[in-house]
Amino acid sequence: MGDSMSKIQVDTIEGKTTVNTKIAGHVAQVIQATFSEQSSIGSGSATTLINQTFTPKFSDSKFLVSIHLPNCTSTDGEKVVVNAYIGTSSTPTSNTNIINHQEEMGGTGGDDARSINNQDYGSFTASSTSTHYVSLTVTPDATLTVARHSTTGKLILQEITQ
């Protein structure tokens, strides 16, 4: 075989006019929302840590939502309920509850800190490409601190095409 090379010559390359290419099972977009240290969250009622807007790329997408609440402290033996919601209302509890997690706390000292992690896939399907909200709330039985020691809490939403 000799040394031969192929050559392609093109005057113009044009992209597709469609902005959002849909391939089933692929990630269409990723949204990350964060919160910083929240101390002295009162007991008994829900406190919203994140209420982030986003616009789905496709009207039939499902979502993978992951939450991370680092360095949480509260009275030993008391619990905290963590909820995540997705929907079209700016009021978290008016939307679909996709994560409901209960964690028992280990105390109020720095060495008692616990991280709370959870995720959900597929509990919510977008019905439109209008503005949506993804939210994270906490409801403690006793005074709660989250993201203690200046850490950062996160909610990550991945839109998965169908």
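Before reading further, recall that the structure is shown in the block above.
This is a predicted model, so every value here is computed, not measured.

Quick word on the pairing of strand β5 (residues 79-87)
Counting buried positions over the nine residues of β5 gives eight, a clear majority of the element. Across eight bridges, β5 lies against strand β6 (residues 96-104) in antiparallel orientation. Residue pairing in the sheet places Tyr-85 in a bridge with Asn-97 of β6.

So, the sheet that holds β5
Note on sheets: strands pair through backbone hydrogen bonds, and any given pair is parallel or antiparallel. Reading across the sheet, the four strands line up as β3-β8-β5-β6 and stay open at both edges, with antiparallel pairing between neighbours. For this open sheet the edge positions go to β3 (47-54) and β6, each flanked by a neighbour on one side alone. Pairwise comparison of adjacent strand axes, ignoring direction, gives a mean angle of 10 degrees for this sheet.

Regarding the sheet that holds strand β10 (residues 153-160)
Strand order across the open sheet formed by four strands is β1-β10-β4-β7, with antiparallel pairing between neighbours. Since the sheet does not close on itself, it has two edges, and those belong to β1 (27-35) and β7 (114-125), each with one partner. The average undirected angle you get between the axes of adjacent strands in this sheet is 10 degrees. Across seven bridges, strand β4 (residues 62-72) lies against β10 in antiparallel orientation.

Describing the nonpolar core
If you look at the biggest cluster of nonpolar residues, it comprises 30 residues, and the most contacted ones within it are Val-65, Ile-67, Leu-69, Ile-86, Leu-136 and Leu-157. Per-element tally for this core: the top contributor is β4, with five residues. Look past the residues within four positions of Leu-157 in its chain and what remains in contact with it is Gln-29, Val-30, Ile-31, Phe-54, Phe-63, Leu-64, Val-65, Ile-86 and Val-134.

Here we look at the packing of aromatic side chains
Think of a pair of aromatic rings as described by two things: how far the centres are apart, and how the planes are tilted against each other in angle. In this structure the tally under the stated criterion is two aromatic pairs. An angle of 70 degrees between the planes, with centres 5.6 Å apart, marks the rings of Phe-54 and Phe-63 as edge-to-face. On the basis of an interplanar angle of 35 degrees and a centroid distance of 6.0 Å, the ring pair of Phe-63 and Phe-124 is categorised as tilted. Placement of Phe-63 in strand β4 and of Phe-124 in strand β7 is noted, with a sequence separation of 61 residues between them. On the basis of relative accessibility, which here comes to 1%, the residue Phe-63 falls in the buried class. We classify Phe-124 as buried; its relative accessible area is 12%.

Side note on the pattern of salt bridges
The full count for this structure, using the stated rule, is two salt bridges. Ionic pairing is found between Lys-22 and Asp-60, a salt bridge with its closest N-O pair at 2.9 Å. Here Lys-22 is found in the segment before β1, whereas its partner Asp-60 is found in the loop between β3 and β4, with 38 residues between them in sequence. Residue Lys-22 is classed as partly exposed on the basis of its relative accessible area of 36%. Note that Asp-141 and Lys-79 form a salt bridge whose closest N and O atoms lie 3.3 Å from each other. Here Asp-141 is found in the loop between β8 (132-140) and β9 (144-146), whereas its partner Lys-79 is found in strand β5, with 62 residues between them in sequence.

Focus on unusual backbone geometry
Positive phi is not limited to glycine here, since Ser-40 has a value of about 60 degrees. Along the chain, the position of Ser-40 falls in strand β2 (residues 38-41). Positive phi, normally seen in glycine, also occurs at Ser-150, with a value near 60 degrees. As for its placement among the helices and strands, Ser-150 is situated in the loop between β9 and β10. The exposure class of Ser-150 is exposed, given its relative accessible area of 65%.

Criteria and thresholds
- The residue count restarts for each chain, going from 1 along the sequence in the order it is written.
- For a predicted model such as this one, the threshold for reporting local features is a pLDDT of at least 70, and the threshold for listing and counting side-chain atom pairs is 80 or more; totals across whole chains, interfaces and linings nevertheless cover every residue.
- Note: side-chain values were computed over all heavy atoms of the structure, leaving out hydrogens and water.
- The buried label applies to any residue whose accessible area, calculated with a 1.4 Å probe on protein chains only, is under 20% of its type's maximum; exposed applies above 50%, and partly exposed to all values in between.
- Numbering goes from the N terminus for both helices and strands, where a helix is a DSSP run of H or I of at least four residues and a strand is a run of E of at least two.
- Only strands that DSSP links by at least two bridges are regarded as paired with each other.
- Every axis corresponds to a line fitted to the C-alpha atoms, with the helix fit spanning only the stretch in contact, and the corresponding angles, defined between N-to-C directions, vary from 0 to 180 degrees.
- Residues grouped as a nonpolar core are buried Ala, Val, Leu, Ile, Met, Phe, Trp, Tyr and Cys residues, joined through side-chain atoms within 4.5 Å.
- Contacts are residue-level and defined by heavy atoms, with any inter-residue pair within 4.5 Å sufficient.
- Side-chain rings of Phe, Tyr and Trp (the six-membered ring for Trp) are treated as a pair once their centres are within 6.5 Å; stacked means planes under 30 degrees apart, edge-to-face means over 60, and tilted covers the remaining angles.
- A side-chain nitrogen of Lys or Arg and a carboxyl oxygen of Asp or Glu constitute a salt bridge if their distance falls within 4 Å.

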